[in-house]
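# Reading the structure
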Amino acid sequence: QVQLVESGGGWVQPGNSLTLSCAASGRTISTLAVAWFRQAPGKEREFVAGLKKTGGPTSSVRGRFTISRDKAKNIVNLRMSNLEAEDTAVYYCAADTGNPITSSLSLASTYEHWGQGTQVTVSS
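Remember, it's a predicted structure, so these values are computed and weren't measured experimentally. (Residues numbered from 1 in each chain as written. Predicted model: local features only at pLDDT ≥ 70, side-chain atom pairs only at ≥ 80, totals over all residues. Heavy atoms only, no water.)

Another point: the overall build of the chain. When its secondary structure is counted, the chain shows 0 helices and 10 strands. Taking 2.2 N^0.38 as the reference for a compact globule, 124 residues should give roughly 14 Å; the C-alpha atoms of the chain span a radius of gyration of 13 Å, in line with that estimate. Seen through its C-alpha atoms, the chain measures out along the principal axes to roughly 40 × 30 × 25 Å. Out of the 124 residues in the chain, the part that is buried amounts to 43%. Considering only intrachain contacts with a sequence separation of at least 6, the fraction spanning at least 24 residues in the chain is 61%. Side chains of the chain carry 12 positive and 9 negative charges; the gap between the two charge centres is 7 Å. (Helix = DSSP H or I, 4+ residues; strand = E, 2+ residues; numbered from the N terminus. Rg over C-alpha atoms; globule rule 2.2 N^0.38 Å. Buried < 20%, exposed > 50% of the residue type's maximum accessible area, 1.4 Å probe, protein only. Contact = heavy atoms within 4.5 Å. Lys, Arg positive; Asp, Glu negative; His and termini not counted. Charge placed at Lys NZ, Arg CZ, Asp CG, Glu CD.)

Right under this line is the structure:
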């Protein structure tokens, strides 16, 4: 069974940076397609960044956010820079054992496994 647990969320002032981590268990992260989504109160869940099993980040990664794998620690990270108040949301990591095409990385339906989310609040 694949389990995902996010961490690293919290409060940060606008303009600062923050890195989120998603620890995977039950399967090595290198054998999974992975992604980050976020959902703000009253809004639908939206895609942030995705990464295929191989070949690097070929998905549509937002300019201020960078997704990466740390194979040694079996985690996937999301580095967020120049944070804005509009970035406030619950951030979720997701993973799947399949081989989605690039255009499918942004679809929530692509992923079988999800974490419970971590809150990120950006304010002064």
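Okay, back to it.
Once that is clear, we can look at the sheet that holds strand β6 (residues 65–70). The strand order across the open sheet formed by 4 strands is β1-β3-β7-β6, and the pairing between neighbours is antiparallel. Only two strands of the sheet have a single neighbouring strand rather than two, namely β1 (3–7) and β6. Strand-to-strand twist in this sheet, taken as the mean axis angle between neighbours without regard to direction, amounts to 20°. The sheet contact formed by strand β3 (residues 18–25) and strand β7 (residues 75–80) spans 6 bridges and is antiparallel. (Pairing = 2+ DSSP bridges. Axes fitted to C-alpha atoms, helices over the stretch in contact; angles between N-to-C directions.)

A side chain of one charge can pair with a side chain of the opposite charge when the charged atoms of the two come close. The full count for this structure, using the stated rule, is 3 salt bridges. The residue glutamate 46 makes a salt bridge to arginine 38 at a minimum N-O spacing of 2.7 Å. Overall, the relative accessible area of 31% leaves glutamate 46 in the partly exposed class. With relative accessibility at 9%, the residue arginine 38 sits in the buried group. Here arginine 38 makes a salt bridge to aspartate 87, at a shortest N to O gap of 2.9 Å. (Salt bridge = Lys/Arg side-chain N within 4 Å of Asp/Glu carboxyl O.)

What follows covers the nonpolar core. Counting residues in each nonpolar core, the largest one holds 27 residues, and the members touching the most others are Leu20, Val34, Trp36, Ile67, Leu78, Met80 and Tyr91. Secondary structure elements with two or more residues in this core: β3, β4 (33–39), β5 (46–51), β6, β7, β8 (89–96) and β10 (118–122). Look past the residues within four positions of leucine 20 in its chain and what remains in contact with it is Ser7, Gly8, Gly9, Trp36, Val76, Asn77, Leu78, Met80, Tyr91, Thr118 and Val120. Core analysis: the second largest hydrophobic core is formed by 6 residues, Phe37, Phe47, Ala94 and Leu105 among them. (Core = buried A, V, L, I, M, F, W, Y, C linked by side-chain atoms within 4.5 Å.)

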